[in-house]
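Listed below, chain by chain, are the residues.
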Amino acid sequence: MSAAPQGGRRAAVLAQQIRESAQALATLEREFPDNPAAMDYFYKLFHRVYCEGGRAQPEGTLVGTTCVQVPDEIVRAAGGVPVRLCSGSHAFDLAGADFMPAKSCSLVKATLGLLQDERPAWLDSLDRVVNLTTCDQKKKAGQMMEELGCQVHHLEFPPSKDSEHARAFWRASVRDFVRAAERMTGGRVTRASLRESILAVSRAQAAYRRLQRLRAESPALLLGKDAFLVTNAYFFDDLERWTGAVDALVAELEARREAGISAALRRAPRILFTGSPPVFPNLKIPVLVEQAGGVIVADETCSANRMLNDAVSVDEWNLYDMVDAVADRYLKPCTCPIFTSNGDRLRRLLDLARTHAVDGVVYQAFAGCQVYEMEHHSVSRALAEAGLPCLYVETDYSPDDVGQLSTRVEAFIESLRSRRRRRQ
Ligand code: SF4
Ligand code: SF4
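Numbers given to residues run from 1 along each chain, matching the order in which its sequence is written. Key to labels: chains lettered from A, ligands numbered from 1, both in the order written. For a predicted model such as this one, the threshold for reporting local features is a pLDDT of at least 70, and the threshold for listing and counting side-chain atom pairs is 80 or more; totals across whole chains, interfaces and linings nevertheless cover every residue. The side-chain numbers reported here are obtained from all heavy atoms of the structure, hydrogens and water having been left aside.

In the annotation of an unreviewed UniProt entry, the chain is listed under the name Benzoyl-CoA reductase/2-hydroxyglutaryl-CoA dehydratase subunit BcrC/BadD/HgdB and assigned to Thioalbus denitrificans. On record in UniProt, under Sequence similarities (unreviewed entry), the comment for the chain is "Belongs to the FldB/FldC dehydratase alpha/beta subunit family." UniProt positions are given in the numbering used here, feature names are shortened, and annotations may be inferred rather than shown by experiment.

Structure below.
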């Protein structure tokens, strides 16, 4: 293909991505009544970045990351600015099909589609990527990112997390990563800079946990579509500003609770969302659930709960102990289905279902994502034993299945309502 049509095609992809984002924001903002005023910060942020090409991050070397298990604290301590590249754009998914087989997971294809030469303005200067070797598709995508001209560090992740061997392997990977991050940014990871970044991330996590606790309230104070937008903003926003915006949202939700204002009816079925991660602008299934009258009160996904739940626990504030403590935080509590066995994921799901008093579970699997597809059986079995109905939805980023999915989602929400009525 000649340079001109290629450039023209790329411009069309970027324009389509802007339209998609604007449409998704219009749905989130306007189709649901009485959104908290503090959500305006997030609606405006996404508008500025995704529709107007503004940059949200502070100045510094952008370092792209492809999974929540990449330790942000190390990137920040080296003076870099981490941005998570996982993309939810259908336009980028279609463009990424040039690199990956059509049957691959939409998230990986969209990430490759995003990284082609002409990028959205907010990623313009990005050429360094940390790619974690988790699922097979991410592993292979790392090589393709190199072919796209990115300087890629392949951060090696163990296939299991239960053995001492796996822990030692991962600690060694993270120690190597300290040097790699320094090479990428030209900065130094020092005792002071790592301590500062651990504390800054843990302040953000504390704000997130305050929000999480409020989501356990009944009637629900926040819709899931907004909770996902808040956590997705963490991918690219300035850390301190994001923490302040979450604190403001928490304060407003507490005030609304005192005033008796809720985000959903008391009888709205309460949903736990799990599976392949909802990433903006693909919030298709969460939006369908809430348009049908359900409310997502908790999630177990790597774009929300799994990303921010667990804090680094440091015994001694010296550099070596801090690096190992950071490594442990990204392995031990991880509930990603890529591990050979994953009892922790089942335990966390059942725990969230209990603490958030959920009526049912919605399990999203992106077509082509083998690990989530395969793990669905053990999850469904454990949920059935706990008496929790589960709707399994296989989907991708295309809008084509919305009609058919909305019928299934509505029927599921209705079945939860009748179940509740029978129990009362
Ligand atoms: S599903 Fe697992 S491998 Fe994929 S982005 Fe999430 S945590 Fe990373
Ligand atoms: S959704 Fe599945 S295939 Fe896609 S990146 Fe995550 S684990 Fe890999």
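The rest of the description comes next.
Pairing between strands requires that DSSP locate at least two bridges from one strand to the other. Only DSSP runs of H or I reaching four residues or more are called helices, and only runs of E reaching two or more are called strands; each is numbered from the N terminus. If you trace the four strands from one edge of the open sheet to the other, you get β2-β1-β3-β4, paired in parallel fashion. Two strands lie at the open edges of the sheet, namely β2 (80-84) and β4 (151-155), each paired on one side alone. Direction aside, the axes of adjacent strands within the sheet are offset by 25° on average. Any pair of residues with heavy atoms lying within 4.5 Å of one another is described as a contacting pair. Throughout, an axis means a line fitted to C-alpha atoms (over the contacting stretch in the case of helices), and angles, computed between N-to-C directions, take values from 0 to 180 degrees. Relative to the sheet, helix α7 (residues 164-185) contacts β1 (61-65), β2, β3 (128-132) and β4, its axis offset from that of β4 by approximately 165°.

Side chains that are nonpolar tend, in soluble globular proteins, to be buried together. Take the buried Ala, Val, Leu, Ile, Met, Phe, Trp, Tyr and Cys residues and link them wherever side-chain atoms come within 4.5 Å; each set so joined is a nonpolar core. To sort residues, take the accessible area from a 1.4 Å probe on protein chains only and compare it with the maximum for the residue type: under 20% means buried, over 50% means exposed, and anything in between is partly exposed. By size, the foremost hydrophobic cluster in this structure holds 146 residues, and its most contacted members are Phe42, Trp170, Phe177, Leu229, Phe236 and Trp242. Looking at which element gives the most residues to this core, the answer is helix α8 (residues 191-215), with nine residues.

Before going further, it helps to spend a moment on the site of ligand 2. Taken together, Cys105, Val108, Cys135, Gln137, Lys138, Ser276, Cys369, Val371 and Tyr372 are the residues near ligand 2. Of all the secondary structure elements, the ones that give two or more residues to the shell around ligand 2 are α6 (136-147) and α15 (370-385). Grouping the constituent residues of the shell around ligand 2 by class yields six nonpolar, two polar and one charged. Near is defined per residue: the residue qualifies when any heavy atom it owns lies within 4 Å of the molecule or strand. Put simply, Ala, Val, Leu, Ile, Met, Phe, Trp, Tyr, Cys and Pro go in the nonpolar bin, Asp, Glu, Lys and Arg in the charged bin, and everything else, Gly too, in the polar bin.

This next bit is on the sheet that holds strand β6 (residues 295-300). Pairing in this open sheet of four strands is parallel, and the strands run β6-β5-β7-β8 from one edge to the other. Since the sheet does not close on itself, it has two edges, and those belong to β6 and β8 (390-395), each with one partner. Adjacent strand axes in the sheet meet at a mean angle of 25°, parallel and antiparallel pairs treated alike. Here six bridges tie strand β7 (residues 360-366) to β8, and the two strands are oriented parallel to one another. Across the sheet, the residue bridging to Gln364 is Val393, located in β8. Contacts from helix α16 (residues 402-423) reach β5 (270-275), β7 and β8, with the element oriented near 170° to β8.

A separate point is unusual backbone geometry. In this chain, Ser218 is followed by Pro219 through a cis amide linkage whose omega measures -5°. Position of Pro219 among the secondary structure elements: in the loop between α8 and α9 (224-233). In this chain, Phe280 is followed by Pro281 through a cis amide linkage whose omega measures 0°. Positionally, Pro281 belongs in the loop between β5 and α11 (284-291). Look at Asp34: it is not a glycine, yet its phi comes out positive at around 55°. By the secondary structure assignment, Asp34 is in the loop between α1 (3-30) and α2 (39-51). The phi dihedral of Ala357 falls on the positive side, at around 45°, and the residue is not glycine.

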